[in-house]
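Below are the chains, spelled out letter by letter.
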Amino acid sequence: MATTTAASVDSSPEVRSPRHSRRKAAGRRNWLGGLAGWLWLAVVLIPIYWIVITSFKTQSGYYATNAFKPPASPTIDNYRLVIQSDFPQYFINSVVVTAGTIVPAVLISFMAAFAIVRGNSLFLTGVNGMFLMGLAIPLQATIIPVYLIIIRLKLYDSLSAIILPSIAFAIPLSVLVLANFIRDVPKELFESMRVDGASEWTTLWRLVFPLTRPALVTVSIYNGLAVWNGFLLPLILTQSPARRTLPLAVWTFQGQYGNNVPAILAAVVLTTLPILVLYAIGRRQLLSGLTAGFNK
Amino acid sequence: MTVLAGGPPRADASSGGKTGSVAWMVLPALLVFVAFGVIPLLGVVGLSFSRWDGIGDIHSAGFASWRKTLTDPNLPHMLYVTFLIMILSWAFQTPVSLLIGVFLAGHQRYREWLAVLFFIPLLLSSAAIAVAYKALLDPNFGLGSGLHIGFLSQDWLGKDKLALGVVVFIVSWQFIPFHSLIYQSGVRQIPRSMYEAAEIDGAGRIRQFRSITLPQLKYTIIASSTLMVVGSLTFFDLIFVLTAGGPGDATRTLALAMYKTGFQANLMGPASVIAVILVLVGLALALLLRRLGGGGSSDSQMEGA
């Protein structure tokens, strides 16, 4: 199923053939959908607009002026304040946690998916069933024992404390999506690798890895976004400011500068900026990545 | 969500030839998943029968935590709030996402650009969203006082019903784009020929939507609903940052109660009981939604999965 979705998303430029546009043009308009679409776009954009313009106002200017008017003399003092409040450190922490999670998570999920597709044993069937179960269970509900394990491993208040459970939480969906893609690799290719005397290990990296690259990117994006924006694990498993990740930092920043709304919003903008930049670069990949696995 | 469809792995690709042993390749993932997924899941059941303050030693406590939690007069209210938020956000998000998804499935250029802006909330963290809305809705410093409009100057997060409504709204703000995206890709997979045939038969736009789009989207609707419903059990970040469960306990969901009981009141036993309830509710809902999808046909949904 994920296969189909991703395939159709990948091929969407081709899908946009003249035949369809003609059908749409000739067909009646979807007024209700259009209305809902434009209305909700306004609902989405108005708060974002407000966040951005307010982040360039001074605190006194914020109270004095109309909330939806852009500032007459924009200031970047808020951003300076945020950056001086150790946000570069929090940014690095977030990068370390995100990269430290998705690289191992995707690689071991990829190996597992390969084994599940290629192998043929009761053991592998059982493991696959266990991963599938992991998808139906809200894993956050296991946070208390995770906390206990992290304490016992003496990892509390370290970035590894966030990384290890994040990898585990990422495995079920990653294995599912990757296995779907690996099943699509034509049998003949495996056969010819075998005839050439390649081992399974070689087949994995030389044949399957390049062929499933879109799926690997998709899975990395999906997990990366979840980890980058994660809040519960950092909240519970770390303590010191030096280990803070960005979502946690925004929250504590608000606690510190409660009334300085422009500064708080500058923090919101700054923490979102890296993702927005990535979004601008890899929009198509990102959007297809988010839904892969959810349609038949 | 195929997940819920379950089913044995298929060995199509491997049946082609005799292979060396590959089973070991599953081990790294298995090890990490068992250590930080399976053991904690069993552990949470174990801890629900214990007494632990989060720091000291763990003592066995039999059914004490269960008795305490199940007879807690606040439990029905927590469940009520959890399900109310779940149902309201589902009932609001589903029709809107469906409408927008169908709309965005059109291939006009402007709709593609619309979609680019439309999906921005998907990228923000719940914490950042909650922080921004908290500032926006502040009765003294936020939207209302900025605009000097009386209606908007309400104490949005200070009144029970308003706060709950705000939570539902922000959840929708955050997730409608995601579900629209799911519906968009679902709609794009419906064979064009079905609409062409319907048009030849003279079926109108609404008739087409009812007789083709909706039935064809059946599994998409179930997948999206499952994500909404099961996902709503774990809305933690948003509510924690926005209202911390308040005012009073107006927005205290199960997930929030678990955190507060465990990590603020240091009662890990009762908190584990709440966690077990969360897992059971989640599993029950997932199974129920799968049943709605038709037990038998869900296997065919696994086709290629």
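About the thresholds
- Residues numbered from 1 in each chain as written.
- Chains lettered and ligands numbered in written order.
- Predicted model: local features only at pLDDT ≥ 70, side-chain atom pairs only at ≥ 80, totals over all residues.
- Helix = DSSP H or I, 4+ residues; strand = E, 2+ residues; numbered from the N terminus.
- Buried ≥ 20, exposed ≤ 12 C-beta atoms within 10 Å, placed from the backbone.
- Contact = placed C-beta atoms within 7 Å.
- Core = buried A, V, L, I, M, F, W, Y, C linked by C-beta atoms within 7 Å.
- Domains from an automatic or database assignment.
- Nonpolar A, V, L, I, M, F, W, Y, C, P; charged D, E, K, R; others polar.
- Axes fitted to C-alpha atoms, helices over the stretch in contact; angles between N-to-C directions.
- Parallel < 35°, antiparallel > 145°, perpendicular 65-115°, else oblique.
- Left-handed = near helix turned anticlockwise from the far one by under 90°.
- Expected span 1.5 Å × (residues − 1).

Caption draft 1: Summary view of the overall build of chain B. Tallying secondary structure elements over chain B gives 14 helices and two strands in all. Every one of the 305 residues in chain B was classed for burial, and the buried ones make up 49%. When contacts within chain B are restricted to residue pairs at least 6 apart in sequence, long-range pairs at least 24 apart make up 70% of them.

Caption draft 2: Up close: unusual backbone geometry. Residues and elements named next belong to chain A. The backbone of Asp-86 shows a phi angle near 70°, a positive value even though the residue is not glycine. Its location among the elements puts Asp-86 in the loop between α6 (77-84) and α7 (87-118). You can call Asp-86 partly exposed: it has 15 C-beta atoms within 10 Å. One non-glycine residue, Lys-154, lies in the positive phi region at around 60°. Relative to the elements of secondary structure, Lys-154 occurs in the loop between α9 (143-152) and α10 (159-182).

Caption draft 3: Spotlight on the nonpolar core. Ala-112 and Phe-114 of chain A together with Val-131 and Leu-278 of chain B are the most contacted members of the largest nonpolar core, which has 173 residues in total. The greatest single-element share of this core, amounting to 18 residues, is contributed by α10 of chain A. Here Phe-114 of chain A is in contact with Ile-182, Leu-204 and Val-208 of chain A together with Val-22 and Met-25 of chain B, once residues within four sequence places are set aside.

Caption draft 4: Fine view of the domain arrangement of chain B. All names here are of chain B. Annotation of chain B at the domain level lists domain 1 (44-73 + 256-292) and domain 2 (76-252). Of all elements in the fold, only α12 (254-264) and α13 (268-292) reach the threshold of two or more residues within the side of domain 1 that touches domain 2. It is α13 that contributes the most residues to the side of domain 1 that touches domain 2, seven residues altogether. Partitioned by chemical class, the residues of the side of domain 1 that touches domain 2 number nine nonpolar, one polar and one charged.

Caption draft 5: Spatial organisation of the packing of helix α4 (residues 31-54) of chain A against helix α16 (residues 261-281) of chain A. Residue and element names in this part refer to chain A. Remark: α4 packs on α16, axes separated minimally by 8 Å, with the N-to-C direction vectors making an angle of 115°. Classified by the interaxial angle, the pair formed by α4 and α16 is roughly perpendicular. Crossing of α4 over α16 shows left-handed handedness. Residues Ile-51, Val-52 and Thr-54 of α4 lie in contact with α16, whose contacting residues are Val-261, Pro-262, Leu-265, Val-268 and Val-269. Here the residues of the contact of α4 with α16 sort into seven nonpolar, one polar and no charged.

Caption draft 6: Geometry of the domain arrangement of chain A. Partitioning chain A into structural domains gives domain 1 (18-80) and domain 2 (85-256). Using only C-alpha atoms to locate each centre, domain 1 of chain A and domain 2 of chain A end up separated by 34 Å.

Caption draft 7: The arrangement of helix α13 (residues 213-228) of chain A in detail. Counted at 1.5 Å a residue, the expected span for α13 of chain A with its 16 residues is 22 Å, and the 22 Å between its end C-alpha atoms agrees. For α13 of chain A, the set of buried residues is Ala-215, Thr-218, Val-219, Ser-220, Ile-221, Tyr-222, Asn-223, Gly-224, Leu-225, Val-227 and Trp-228 of chain A.

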